[in-house]
Amino acid sequence: MRRAIFTEDHDAFRDSVRQFIDRTARPRAEEMIREHSIPREVWLEAGRQGLLGLSIPEEYGGSSAQDYRFNAVLAEEQSRLSAAFSSCMGIHSDVCPPYLVAHGTEEQKQRWLPGIASGEQIIAIAMTEPSGGSDLAALKTTAVRDGEEWVINGSKTFITNGHSCDLAIVAARTDPTAGAKGITLFVLEAGTQGFTKGEPLDKVGQDEADTCELFFTDVRVSDEHRLGAEGRGFILMMEHLTQERVGAAVSNVAHAAQILSETLDYVKERKAFGQAIGAFQHNKFLLAELVTKIDVTQAFVDQCVLAHGEGDLTPVDAAKAKWWSAHVQGEVLDACVQLYGGYGFMNEYRVARAWRDARVTRIWAGSNEIMKEIIGRDLGLG
Ligand SMILES: Cc1cc2nc3c(=O)[nH]c(=O)nc-3n(C[C@H](O)[C@H](O)[C@H](O)COP(=O)(O)OP(=O)(O)OC[C@H]3O[C@@H](n4cnc5c(N)ncnc54)[C@H](O)[C@@H]3O)c2cc1C
């Protein structure tokens, strides 16, 4: 189905992103999987191509466009290579910068944004803790004032870009009695005394991502590292999770659509009982249903992209886009594995990896249950 949200400029940008992927990232795809990380040269080349600064104003090394449809094009093309590549790049360029742009002081913007746009400073966001991720208001990492400094203690887990990050936005409790209103954000620099990283975690999928734990032991920082007002951290996270969720939805659909298209090629070639397996009525109908689900989901997600660009996307609609796209992605990829038969279970096949990679999209960025909780509350159901 023709998508009406893009102009010729977006199409031209898509071509340039494809060239970047084909020239710089795809040749290193196996290395990224093996090493559980994206090579720094890939980050730097993405920076040189202007692909890391779409959410950063031009004066800090970013882009003059400030049109969320470009972010969507970028996420789609990255997802076509791999879900983890898209996730790592997306956390860095789409999720984290808006916190700094909207709430950073002038000094903080000048200090951190240019390095993020160039790829010299990889950034992560650390909200989830070993004791829980869904209930962010209950987080336990503390930041206690000591004269002119804050002393941060605690740990975070499952942090994308965690092992390679040079910077991390960290949510910490600054008031033990104030619940959600007692959380403050800080930007910590790798190498700061007491800030250490675990080894990349052994995950079911998303092999390219260096997801890891972060530990804080008496990390001392000044107010220059506090992002936004004291006690506003929870509100800022809720505000920016809308962009994280629409970005996740964009990636989910693009990833599923790509693997579905590769599967369509496969079922036309693979023969059983003297005919292409795609021609069996069961498989034909199954594929017809999956293609329809992708198209219908794409239409909703496209409207969310447009609304977000205009500043109109509600957290509830972002929650709908996130959970539904993750659900459809899971359904599509599971069917694709089935259509590949035994090959679908072999790690050397993209479909197998994509299936493993996709499982987490129902869990992260706010689990699908939490998305339904948000939608349900909006329906006046408590
Ligand atoms: C690969 C990967 C990358 C990640 N990257 C990041 C990152 O970069 N930064 C970061 O901060 N976090 C990251 N996360 C963490 C992710 O956001 C959390 O795993 C997620 O929010 C769920 O938190 P949890 O794992 O603690 O599960 P829990 O909160 O313990 O939830 C467990 C289960 O209970 C369900 N549940 C919880 N509350 C309710 C409720 N009220 N109603 C119904 N069901 C409920 C959940 O849906 C889930 O199914 C990542 C996770 C993974 C796996």
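Below you will find a few notes about this structure. (Residues numbered from 1 in each chain as written. Predicted model: local features only at pLDDT ≥ 70, side-chain atom pairs only at ≥ 80, totals over all residues. Heavy atoms only, no water.)

### Brief notes about the site of the ligand
- Near the ligand, the surroundings consist of 19 residues, among which T128, G133, S134, S367 and E369 are the closest.
- Here an oxygen atom of the ligand sits 2.8 Å away from a polar atom, N or O, in the main chain of M127.
- Elements supplying a minimum of two residues to the shell around the ligand: β1 (123-126), β3 (149-159) and α12 (368-378).
- Taken together, the residues of the shell around the ligand break down into ten nonpolar, seven polar and two charged. (Near = heavy atom within 4 Å. Polar contact = N/O pair within 3.5 Å; in protein donor to acceptor, adjacent residues only side chain to side chain. Helix = DSSP H or I, 4+ residues; strand = E, 2+ residues; numbered from the N terminus. Nonpolar A, V, L, I, M, F, W, Y, C, P; charged D, E, K, R; others polar.)

### Things to note about helix α3 (residues 40-48)
- Here α3 has its buried residues at V42, W43, E45, A46 and G47.
- Residue G50 follows α3 closely and has a positive phi angle near 75 degrees. (Buried < 20%, exposed > 50% of the residue type's maximum accessible area, 1.4 Å probe, protein only.)

### A look at the nonpolar core
- Within the largest apolar cluster, 59 residues are counted, with the highest numbers of intra-cluster contacts made by F13, I38, F85, M89, V305 and V332.
- Among the secondary structure elements, those contributing two or more residues to this core are α1 (8-25), α3, α4 (68-81), α5 (83-95), α8 (233-269), α9 (281-309), α10 (315-339) and α11 (350-358).
- Excluding residues within four positions of it along the chain, F85 makes contact with F20, I21, A25, M32, I38, V42 and Q78.
- Grouped together as the second largest cluster of nonpolar side chains are 26 residues, Y60, L227, L236 and L241 included. (Core = buried A, V, L, I, M, F, W, Y, C linked by side-chain atoms within 4.5 Å. Contact = heavy atoms within 4.5 Å.)

### Considerations on the packing of α4 against α5
- It is at 6 Å that the axes of α4 and α5 come closest, and there the two elements cross at 150 degrees. Taken together, the axes of α4 and α5 are roughly antiparallel relative to one another. Side by side, α4 and α5 meet where Y68, N71, A75, Q78, S79 and L81 of the first sit next to A83, F85, S86, M89 and D94 of the second. (Axes fitted to C-alpha atoms, helices over the stretch in contact; angles between N-to-C directions. Parallel < 35°, antiparallel > 145°, perpendicular 65-115°, else oblique.)

### Some remarks on the pairing of strand β7 (residues 212-222)
- When β3 meets β7, the two strands line up antiparallel, connected through eight bridges. Looking at β7, one finds that V151 is bridged to R220. (Pairing = 2+ DSSP bridges.)

### Describing a negative patch on the surface
- The grouping of E8, D9, D11 and D15 at the surface amounts to a negative patch.
- Looking at the secondary structure, you find E8 in helix α1.
- Overall, E8 belongs to the exposed group, its relative accessible area being 70%. (Patch = residues over 30% accessible without salt bridge, like charges linked within 9 Å, V, L, I, M, F, W, Y side chains within 5 Å. Areas by Shrake-Rupley, 256 points an atom, 1.4 Å probe, with all protein chains shown as cover. Salt bridge = Lys/Arg side-chain N within 4 Å of Asp/Glu carboxyl O. Lys, Arg positive; Asp, Glu negative; His and termini not counted. Charge placed at Lys NZ, Arg CZ, Asp CG, Glu CD.)

### Brief notes about α8
- End to end, α8 covers 53 Å across 37 residues, agreeing with the expected 54 Å (1.5 Å per residue, within 8%).
- The sharpest bend along α8 reaches about 30 degrees and sits at H240. (Expected span 1.5 Å × (residues − 1). Bend = angle between axes of the 7 residues up to and from the residue.)

### Concerning unusual backbone geometry
- Even without being a glycine, N161 presents a positive backbone phi close to 65 degrees.
- Counting through the fold element by element, N161 comes out in the loop between β3 and β4 (167-173).
- In the Ramachandran plot, F273 falls in the positive-phi region, its phi being about 50 degrees despite a non-glycine side chain.
- Looking at the secondary structure, you find F273 in the loop between β9 (271-272) and β10 (275-276).
- In this structure F273 comes out as exposed when scored by relative accessible area, which is 80%.

### Here we look at a nonpolar patch on the surface
- Side chains of Y343, F345, M346 and W355 sit close together on the surface and give an oily, nonpolar patch of about 410 Å² of accessible area.
- Checked against the element boundaries, Y343 lands in the loop between α10 and α11.
- Residue classification places Y343 among the partly exposed residues on the basis of a relative accessible area of 36%.

### Focus: the side chain of H255
- For H255, the position within the fold is in helix α8.
- Each residue touching H255, except ones within four places of it in the same chain, is listed here: S79, A83, Q329, L333, A354 and A358.

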